[in-house]
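Residue strings, one per chain:
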Amino acid sequence: MRTLFGLRISLLLLCALASPIHAEKPNVLFIAIDDQNDWIGHMGGHPLAKTPHLDSLAARGTSFLNAHCNAPLCNPSRTSLLIGLRPTTTGIYGLSPWFRAVPGFEDRVSLPQHFAANGYRTFAVGKIFHGGGGAPGRGKGKAATSEAPTEFQMRGPNPGIGARPPKKLIPPAPMGDHPLMDWGVWPPNNDDTQKGDYQVASWAVEQIEAMPTDQPFFLAAGFFLPHVPCYATQKWFDLYPDDDSVLPPVRRDDRDDTPRFSWNLHWSLPEPRLKWVEESGQWRNLVRSYLACTSFVDAQIGRVLDALEKRGLAENTIVVVWGDHGWHLGEKGITGKNTLWDRGTKVPLIFVGPGAAPGQLCTQPAELLDLYPTLIELAGLSPRDDLEGISLAPQLRDAETKRERPAITSHNQGNHGVRSEHWRYIRYADGSEELYDMRQDPNEWTNLANAPAHAAVIAEHKKWLPQIDLPPAPGSEHRILTYDPATDEAIWEGATVRRDDPIPE
Ligand SMILES: [Ca+2]
Ligand SMILES: [Ca+2]
């Protein structure tokens, strides 16, 4: 009996040691897509978009159809999401600085750090923080920030674009012929394995297959495409007709009723305007390339989800998929980001797993800022009182649950978009305004801001403008815009923009 008793004690002890530390805690698979707008099948942003893996994932959970970034640019959007503060609270609006270089944020607990502090094993591969590489200082040029290895415990590669053609596939575009401003079929022979995002998925799959079970995990996989250069292999282009049916609806006079100041937000950028892509015969090619890249990334996400399923981890894993901001492909006369319209701010946001009811499409406004508190609540982590987002858990339980606060996007001090379920209100630093009835006018073609009948709607949305609205933080560079009401002059990336300057084409 004593032997048996002793054996039993040992077995119990062994079991206790071997059992997961947080057996009750769900894992988190955190998937980012760079520059992905709402051209996702079930989101309806483009009638031809083919994303079968994201669509079937969404069917197993809750997809937000009215989710928006808090800044329409990589670094400020990702920083805001990952530290839980608005860009207007940190002053981080540009591609620099890296937030840990900003006084007051050196020791800010980032989302993955909060999971690590709560007993999670944290992993990252690809682009999660902007400019994130495997080691501090990695990246190119002043624009790049460096992701300290302290953000995640395990860091996989950040392969970026992967194979590139020996020279650009498109003719030189205006505004500097930037090397990233390119798109088309590459590499040849349908070899997807040479793509950076293929390697991101492979690393994530390997981690899932070998995942130890003694701790819950937080695995972040950041896909680079459909960020430019939009290279995809031929098979992904074959999903889309090679005719003008792929083009998004645009109105040639669309900017006639938008304030002059709206141009200042994207005054001079490497991304060509609609005029150039049309005149150079590149519009359809760009649109098809973007769609092809979206479908390719969808397939890579499918590989990671398959691995999760095969390992038997799907049931106890929260899968969240998000994009960092939208992208214009001709709408409002431009391509690219840096706008406060839906095309520039709306992103995919899908939650699946514990806490997210299946088969829901939610039209309540949501912000990427909400991810931090939502994941804390879903995973049952220690709460924090220093986050500016609001948990989406009520909408994940019941998508009809009303949410009072609209989604707010800021692009530099004084420029804000406020998106409710019904309206979009925009206010620029010079006081000019836009208002769109998103139910009647989903393309935001008719600016209603000057219609007296809508004064109450404007007042209702204006009250949500950020109370804290800081100037750019020290070290801010790239896509930085300031405005001096005394002189009515704006400064874009260091150059003065006067009201009568011709709009760059
Ligand atoms: Ca981005
Ligand atoms: Ca218009």
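Above this text you will find the structure in question.
Conventions we followed
Starting afresh in each chain, residues are numbered from 1 along the sequence in its written order. To label them, take the chains in the order written and letter them from A, then take the ligands in the order written and number them from 1. Reporting of local features is limited, given that this is a predicted model, to residues whose pLDDT is at least 70; pairs of side-chain atoms are given and counted only at 80 or more, and all residues count toward the totals for whole chains, interfaces and linings. Secondary structure follows DSSP: runs of H or I at least 4 residues long count as helices, runs of E at least 2 residues long count as strands, and numbering of each begins at the N terminus. Throughout, the radius of gyration refers to the C-alpha atoms, and the reference size of a globule is 2.2 Å times the residue count to the power 0.38. To assign burial, the other C-beta atoms lying within 10 Å of each residue's own C-beta are counted, with C-beta atoms placed from the backbone; 20 or more indicates buried, 12 or fewer indicates exposed, and intermediate counts indicate partly exposed. Here contacts are defined at the residue level, using C-beta atoms placed from the backbone and a cut-off of 7 Å between them. Between any two strands, at least two bridges found by DSSP are needed for them to pair. Fitted lines through C-alpha atoms give the axes, limited to the stretch in contact for helices. The angle between two N-to-C directions lies from 0 to 180 degrees. Here roughly perpendicular refers to angles of 65 to 115 degrees, roughly parallel to angles under 35, roughly antiparallel to angles over 145, and oblique to all remaining angles. Under the grouping applied here, Gly and all other residues not named as nonpolar or charged are polar, the nonpolar ones being Ala, Val, Leu, Ile, Met, Phe, Trp, Tyr, Cys and Pro and the charged ones Asp, Glu, Lys and Arg.

Participant: What am I meant to see in the overall build of the protein here?
Facilitator: In terms of helices and strands, the protein carries 13 helices and 21 strands. Compactness check: the protein gives a C-alpha radius of gyration of 23 Å against a globular reference of 23 Å for 505 residues, within 12% of the reference. Based on the C-alpha atoms only, the size of the protein along its principal axes is roughly 95 × 55 × 45 Å. Counting the 505 residues in the protein, one finds 51% classified as buried. Across the protein, every contact between residues at least 6 apart in sequence was considered, and the portion connecting residues at least 24 apart equals 74%.

Participant: Would you mind going over the sheet that holds strand E9 (residues 317-323) with me for this structure?
Facilitator: Within a sheet, neighbouring strands are paired by backbone hydrogen bonds and run either parallel or antiparallel to one another. The eight strands are arranged E5-E4-E7-E1-E9-E12-E2-E13 in an open sheet whose pairing can be described as mixed. Two strands bound the open sheet, and with one partner strand each, they are strand E5 (154-155) and strand E13 (360-362). Here two bridges tie strand E4 (residues 121-126) to E5, and the two strands are oriented parallel to one another. Across the sheet, phenylalanine 123 pairs through a bridge with methionine 154, a residue of E5.

Participant: Would you mind showing me how to read the environment of alanine 32 here?
Facilitator: Within the secondary structure, alanine 32 is located in strand E1 (residues 27-33). For the pair alanine 32 and phenylalanine 223, spaced 191 residues apart in sequence, the C-alpha to C-alpha distance is 6.0 Å. Not counting residues within four places of it along the chain, the set of residues in contact with alanine 32 comprises Lys127, Ile128, Gly222, Phe223, Trp322 and Asp324.

Participant: Looking at this model, I keep getting lost on the sheet that holds strand E17 (residues 423-427). Mind explaining?
Facilitator: Here four strands make up an open sheet; going across it, the order is E15-E16-E17-E18 and the pairing antiparallel. Unpaired on one side and paired on the other, strand E15 (407-410) and strand E18 (433-437) mark the two borders of the sheet. Put simply, the sheet's adjacent strands are angled 10° from each other on average, direction ignored. Where strand E16 (residues 416-419) and E17 come together, four bridges link them in antiparallel fashion. Residue pairing across strands places glycine 417 opposite isoleucine 426, the latter belonging to E17. On top of the sheet, helix H13 (residues 455-462) reaches E16, E17 and E18; it is set at about 70° to E17, its chief contact.

Participant: What exactly am I supposed to notice about the packing of helix H2 (residues 52-59) against helix H9 (residues 283-310) here?
Facilitator: Between two packed helices, both the angle of their axes relative to each other and the distance between the axes serve to describe the pair. The N-to-C vectors of H2 and H9 enclose an angle of 50°; their axes lie 7 Å apart at closest approach. Considering their axes alone, H2 and H9 lie oblique with respect to each other. Contacts from Pro52, His53, Leu54 and Leu57 in H2 reach Asp298, Ala299, Ile301, Gly302 and Leu305 in H9. Residue composition of the contact of H2 with H9, by class: six nonpolar, two polar and one charged.

Participant: Can you help me understand unusual backbone geometry in this one?
Facilitator: What is expected of a backbone is that most residues other than glycine have negative phi and most peptide bonds are trans. In this structure, proline 187 follows tryptophan 186 across a cis peptide bond, with omega equal to -5°. By the secondary structure assignment, proline 187 is in the loop between strand E6 (183-185) and helix H6 (196-209). The amide bond that connects leucine 225 to the next residue, proline 226, takes the cis arrangement and shows omega of 10°. Backbone geometry at asparagine 338 places phi at a positive 65°, although glycine is not the residue there. Along the polypeptide, asparagine 338 turns up in the loop between strand E11 (335-336) and helix H10 (342-345). The residue histidine 478 is not glycine, and still its phi comes out positive at about 70°. As for its placement among the helices and strands, histidine 478 is situated in the loop between H13 and strand E19 (481-484).

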